Amino acid sequence: MIRQLTDQDSDLRAGSTRGVGVAMRPSAEEEPARSLTRRERLRAELERDAITAARALIASQGAEALSLSAVAREVGVTPPALYRYFEGKAGLTLAVYEAVTSDFVVIVAKAAGARDPEDFGGRLYAATRAVLDWSVANPGEFDLLMGAGYARLVASGRHVDEVLVRELGGLFGQTFAELWRRGVLPYPSEDELEPRLRAQVAAYRRLMGHDYPVGVAMVMITCWRQIYGLLCMAVYGHFASLFDDHLPLFESMMDDLLALCGVPRER
């Protein structure tokens, strides 16, 4: 589960998301057991309500509708008051980004976990299908995580893509790591990768937190670049007049990708 943002200062005004990038505050399980003060409870409630309101705005009107004034109106405070908690729209958007990513990854993990642990192809298929279904069902939040909304957030100077890579990539990476350990997964050697690409893929692997060879991460990003293209087609309606049903393309793509991973799908 993704943790919330780290407090940078001790007072209420400065205890927002100021300058934290993608740092996280400890989860409830990691914090020392203690009773919250009334002030802390009110703060937590307002942060939770603001994120909920922001997500409702994104779901109904798109990521571009997100603003401090709109969210403040929904939760019954003034925009300056909300600013103290999130330090502006960028801070609020980052908090929403993390909350959406957390819920998204839980859904994908649940889909993969419903399959037999030894059915690697089935787990990869189920997880990827969950990504597709969630993306189509939640176009506004998809836009925030992977579309134009994400691009606007990156423009604020925050490298938030690291959150999604670490959480979603780390989840898929568990299966890829097991395939590698069992000698099932075909993958290129480091020498086969162009030096600049090898360095980028190595950074991608480090962020996911796995210890498999760089070539394994290369297989993962090869799969993702195809999956992402299909997600955009489905969510944004590219070629909708020709491909009004995206599932046949998805099935064909998954057959190819699972074969690439050494676990052809059984129908």
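Here is what the cut-offs are and how they apply
Residues numbered from 1 in each chain as written. Predicted model: local features only at pLDDT ≥ 70, side-chain atom pairs only at ≥ 80, totals over all residues. Heavy atoms only, no water. Helix = DSSP H or I, 4+ residues; strand = E, 2+ residues; numbered from the N terminus. Expected span 1.5 Å × (residues − 1). Salt bridge = Lys/Arg side-chain N within 4 Å of Asp/Glu carboxyl O. Buried < 20%, exposed > 50% of the residue type's maximum accessible area, 1.4 Å probe, protein only. Arc of directions from axis to C-beta. Contact = heavy atoms within 4.5 Å. Core = buried A, V, L, I, M, F, W, Y, C linked by side-chain atoms within 4.5 Å.

Caption draft 1: Summary view of helix α8 (residues 161-181). Counted at 1.5 Å a residue, the expected span for α8 with its 21 residues is 30 Å, and the 28 Å between its end C-alpha atoms agrees. Residue G183 follows α8 closely and has a positive phi angle near 75°.

Caption draft 2: Quick peek at the pattern of salt bridges. All chains considered together, the criterion is met by 12 salt bridges. One salt bridge connects E251 with R265, and the closest N-O pair in it is separated by 2.5 Å. With E251 in helix α11 (residues 247-260) and R265 in the segment after α11, this residue pair connects regions lying 14 residues apart in the sequence. We classify E251 as buried; its relative accessible area is 19%. Here D255 ties to R265 by a salt bridge, and the two come within 3.2 Å at their closest N and O atoms.

Caption draft 3: Structural view of the environment of G91. Summarising the element assignment, G91 is placed in helix α4 (residues 88-113). Distance in space between the C-alpha atoms of G91 and L68 is 10.0 Å, their sequence separation being 23 residues.

Caption draft 4: Layout of helix α3 (residues 79-86). Here α3 has its buried residues at A81, L82, Y85 and F86. Looking straight down α3, one finds that the buried residues subtend no more than 125° of arc, so they occupy a single side. Looking at the buried positions of α3, the neighbouring elements they touch are α1 (38-61), α2 (68-75) and α4. Immediately downstream of α3, the backbone of E87 shows phi near 50°, a positive value.

Caption draft 5: Molecular detail of the nonpolar core. If you look at the biggest cluster of nonpolar residues, it comprises 72 residues, and the most contacted ones within it are V71, F104, V108 and F176. For this core, the element with the most residues is helix α10 (residues 214-236), which contributes 13 residues. With residues up to four places along the chain from it excluded, the contact list for F176 reads L124, L185, V216, V219, M220, C223 and C261.

Limitation: the analysis is restricted to geometry and does not speak to function.
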